[in-house]
Amino acid sequence: MRPISAAFFRNFEVRHTLTALALLIILFTILLAVFAPVFAPHDPNDVALERKLMPSDESYLLGTDHLGRCILSRLIYGARVSLGAAFAVMSVTLSISTVVGAAAGFAGGRIDAIIMRLCDIFLAFPSLILALALVGVMGPGLPNVILALALSQWAWYARMIRGMVLSLKERNYVLAAKVAGTGRVGIIARHILPNILPQIVVLATLDVGWVILHIAGMSFLGLGIQPPTPEWGAMINDGRPFLRGYPALMAYPGLMILSVVMAFNLLGDAFRDMADPKRKR
């Protein structure tokens, strides 16, 4: 049987204005993140108190913050930190959950029961509370935030992937591969994972926005990315004391978070519609 993943990615079309706009926002933000040194007009950590809280001008298009740092440059470098951390969280989460979920679904029996009980333990705690607790134990910082968010979310993905594997493991082409002498790892890698990849992509795309919000929230609380590293949530926290006089310090990073999260949600909805034949029009 030919995997559906190839057709899924090949037939992708931007059919709606909102989807096209979401894709444009995501690609533009990724471009800013990758080429931040090229697009940023100034060093994001260059402190100069003599120019603090300056309004917009030719040199500083969005003005400066309370330490005289270029807001535009910090927003651009913040895209690199926020998106990079979000993609790292999803990569770690999917790596763990794919291995665990596929093993549980294909092996069945006692192995499946043990893995599912372990998932139940993690799912018994709200993901955000568990992530905050893990960061509190391990300490603040980007690596600890990535690990904490991955550990708080992997169990949900593992259960989803297990269900997908269970729905495919008794298909004729999988049984034929078993009869042909293909090993378990080969069957999972060649016949099962390619067919569940579109659903995994949909789930991951929808959750990138969730991860960005959680990273920003932790940085806002002082548990995430630490100063002076530019990050959108940390920038909102830095601008909080100046909300009345200089609301732009909080508005600019807030708008970046809003636009990127909405874009990923809209793109995830488009992927879901294309992956589900019942939702196609």
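For the structure given in this document, a descriptive report is provided here. (Residues numbered from 1 in each chain as written. Predicted model: local features only at pLDDT ≥ 70, side-chain atom pairs only at ≥ 80, totals over all residues. Heavy atoms only, no water.)

## A short note on the packing of aromatic side chains
Applicable threshold: We call Phe, Tyr and Trp rings a pair once their centres come within 6.5 Å, taking the six-membered ring for Trp, and we label the pair stacked below 30 degrees between planes, edge-to-face above 60, and tilted otherwise. Starting at the N terminus, helices and strands are each numbered in turn, a helix being any DSSP run of H or I of at least four residues and a strand any DSSP run of E of at least two. Relative accessible area decides the class of each residue, using a 1.4 Å probe on protein chains only: under 20% of the type maximum gives buried, over 50% gives exposed, and in between gives partly exposed. We call a charge positioned above a ring when the Lys NZ or Arg CZ atom is no farther than 6 Å from the ring centre and deviates by at most 35 degrees from the ring normal.
Inspection of the entire model under this criterion finds three aromatic pairs. Relative to F264, the ring of F87 has its centre 6.3 Å away and its plane inclined at 80°; by these criteria the two rings are edge-to-face. Placement of F87 in helix α4 (residues 71-107) and of F264 in helix α11 (residues 248-275) is noted, with a sequence separation of 177 residues between them. What makes F87 partly exposed here is its relative accessible area of 35%. For the ring pair F122 and W154, a centre distance of 5.2 Å and an interplane angle of 70° mean the geometry is edge-to-face. Residue F122 is located in helix α5 (residues 109-123), and its partner W154 is located in helix α7 (residues 142-168); the two are separated by 32 residues in the primary sequence. Judged by relative accessible area, which is 23%, F122 ranks as partly exposed. For W154, a relative accessible area of 6% gives the class buried. Directly above the aromatic system of F106 lies the positively charged group of K169, at a separation of 5.9 Å from the ring centroid.

## Observations regarding helix α8 (residues 172-179)
Under the convention used in this document: The arc in question is formed by the directions pointing from the helix axis toward the C-beta atoms. Working rule for contacts: check all heavy atoms of both residues, and any pair within 4.5 Å makes them a contact.
All buried positions along α8 are accounted for by Y173, V174 and A177. An end-on view of α8 places all buried positions within 105° of arc, on one side of the element. Away from the buried face of α8 by more than 90 degrees, exposed residues N172 and V179 are located. The inward-facing, buried residues of α8 abut α4, α7 and α9 (184-220). G181 occupies a position one or two residues after α8 and carries a positive phi of about 95°.

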